Amino acid sequence: MKKLVLTTIALGAFAASSAFAVGPADNLSGFSIGANAELSTGSTSATDGTSDTGKTTALGLQARYDWALAPNFAIGLGGSYSSGNHLAGTYANGTAASINNRYSIDVIPTFALANNFQLYGKLSSIYGSAAANDGSSTNDVQGVGYGIGVRQMLDKNMYWQAGYDLNQFRDVTFATGTTSNLKENVFSFGIGYKF
């Protein structure tokens, strides 16, 4: 996490001190906020020998700032939050696990394919609470996320975007003694505003 933050700060300082080239990436640089409809498929693989999946729909919110570093390349730093309980599946005893109130810090390299169209990648440090529905325990969890997506400007300020993220959380042990490996595949579609 510290390396991610230090790398992001260094890139931001470089970007702030550089004379940026004007080009497609520059047209989409700046601060933006957005909201996404998310469909996530969570999965769990537990030490009790069970594995399962669960599907969840949620609302995601995001904010990011992009710096143009070259005519067709920008780097962004952002944060995102996803509401609700993201189901991961059930164990052999019928207890269901979920990741709740997931949020992340994101580094977003972006390639401008045209003046109004971007292809972006995403590397995230993700956080949340892992919970069992029997009330036995709640544990804070951390993990890493990888994503890819597209964003298209509809006019000077409005945009739509679609993305896919793979979130891998560190193993979590619940009060029952069961240790679980939790993952999430998230598809999102949303709209936003660039300032």
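In this report, we go over the structure that sits alongside the text. (Residues numbered from 1 in each chain as written. Predicted model: local features only at pLDDT ≥ 70, side-chain atom pairs only at ≥ 80, totals over all residues. Heavy atoms only, no water.)

## A closer look at the overall build of the protein chain
Now for step 1: Helix and strand counts for the protein chain come out as two helices and nine strands.
Now for step 2: Along its sequence from the N terminus, the protein chain presents helices and strands in the succession α-α-β-β-β-β-β-β-β-β-β.
Now for step 3: Across the 195 residues in the protein chain, those meeting the buried criterion constitute 46%.
Now for step 4: Sequence separation of at least 24 residues holds for 61% of the intrachain contacts in the protein chain that already meet a minimum separation of 6.
Now for step 5: Entry remark: accessible area of the protein chain is about 9300 Å², with carbon and sulfur atoms responsible for 62%. (Helix = DSSP H or I, 4+ residues; strand = E, 2+ residues; numbered from the N terminus. Buried < 20%, exposed > 50% of the residue type's maximum accessible area, 1.4 Å probe, protein only. Contact = heavy atoms within 4.5 Å. Areas by Shrake-Rupley, 256 points an atom, 1.4 Å probe, with all protein chains shown as cover.)

## Points about the packing of aromatic side chains
Now for step 1: One pass over the full model with this rule turns up seven aromatic pairs.
Now for step 2: Relative to Trp67, the ring of Tyr65 has its centre 4.9 Å away and its plane inclined at 55 degrees; by these criteria the two rings are tilted.
Now for step 3: On the basis of relative accessibility, which here comes to 35%, the residue Tyr65 falls in the partly exposed class.
Now for step 4: When the ring of Tyr103 is compared with that of Tyr127, the centres are 5.2 Å apart and the planes differ by 20 degrees; the resulting orientation is stacked. Highlighted residues: Tyr103 in strand S4 (residues 96–114) and Tyr127 in strand S5 (residues 117–132), separated in sequence by 24 residues.
Now for step 5: Given a relative accessible area of 41%, Tyr103 falls into the partly exposed group.
Now for step 6: Judged by its relative accessible area of 17%, Tyr127 is buried.
Now for step 7: Clustering of aromatic rings is evident, with ring pairs tying together Phe31, Tyr193 and Phe195.
Now for step 8: For Arg64, the ring lying beneath its charged end belongs to Tyr120, and the centroid distance is 5.3 Å.
Now for step 9: Its end group placed over the ring of Tyr159, Arg151 keeps NZ or CZ at 3.8 Å from the ring centre. (Phe/Tyr/Trp six-rings, centres within 6.5 Å; stacked < 30°, edge-to-face > 60°. Lys NZ or Arg CZ within 6 Å of the ring centre and 35° of its normal.)

## Focus on the pairing of strand S3 (residues 73–90)
Remark: a regular strand shows side chains that alternate across the two faces of the sheet.
Now for step 1: Sheet topology places strand S2 (residues 51–70) next to S3; ten bridges connect them, and they run antiparallel. Residue pairing across strands places Ala68 opposite Ala74, the latter belonging to S3.
Now for step 2: The turn joining S2 and S3, which pair antiparallel and follow one another in sequence, is formed by two residues.
Now for step 3: With 15 bridges joining them, S3 and S4 adopt antiparallel strand pairing. Along S4, the bridge assignment pairs Gly76 with Ile108. (Pairing = 2+ DSSP bridges.)

## What to know about the pairing of strand S7 (residues 158–169)
Now for step 1: Side-chain alternation along S7 places Tyr159, Gln161, Gly163, Asp165, Asn167 and Phe169 on a buried face and Met158, Trp160, Ala162, Tyr164, Leu166 and Gln168 on a face that remains uncovered.
Now for step 2: The hairpin formed by strand S6 (residues 138–153) and S7 contains four residues between the paired strands.
Now for step 3: Pairing analysis gives eleven bridges linking S7 to strand S9 (residues 179–194), with the strands arranged antiparallel. Following the sheet pairing, Ala162 is matched in S9 by Phe189.

## Points about the side chain of Asp66
Now for step 1: Looking at the element boundaries, Asp66 is found in strand S2.
Now for step 2: Classification of Asp66 by relative accessible area gives buried; the value is 1%.
Now for step 3: At 2.8 Å, the side chain of Asp66 and the side chain of Arg64 are in polar contact. (Polar contact = N/O pair within 3.5 Å; in protein donor to acceptor, adjacent residues only side chain to side chain.)

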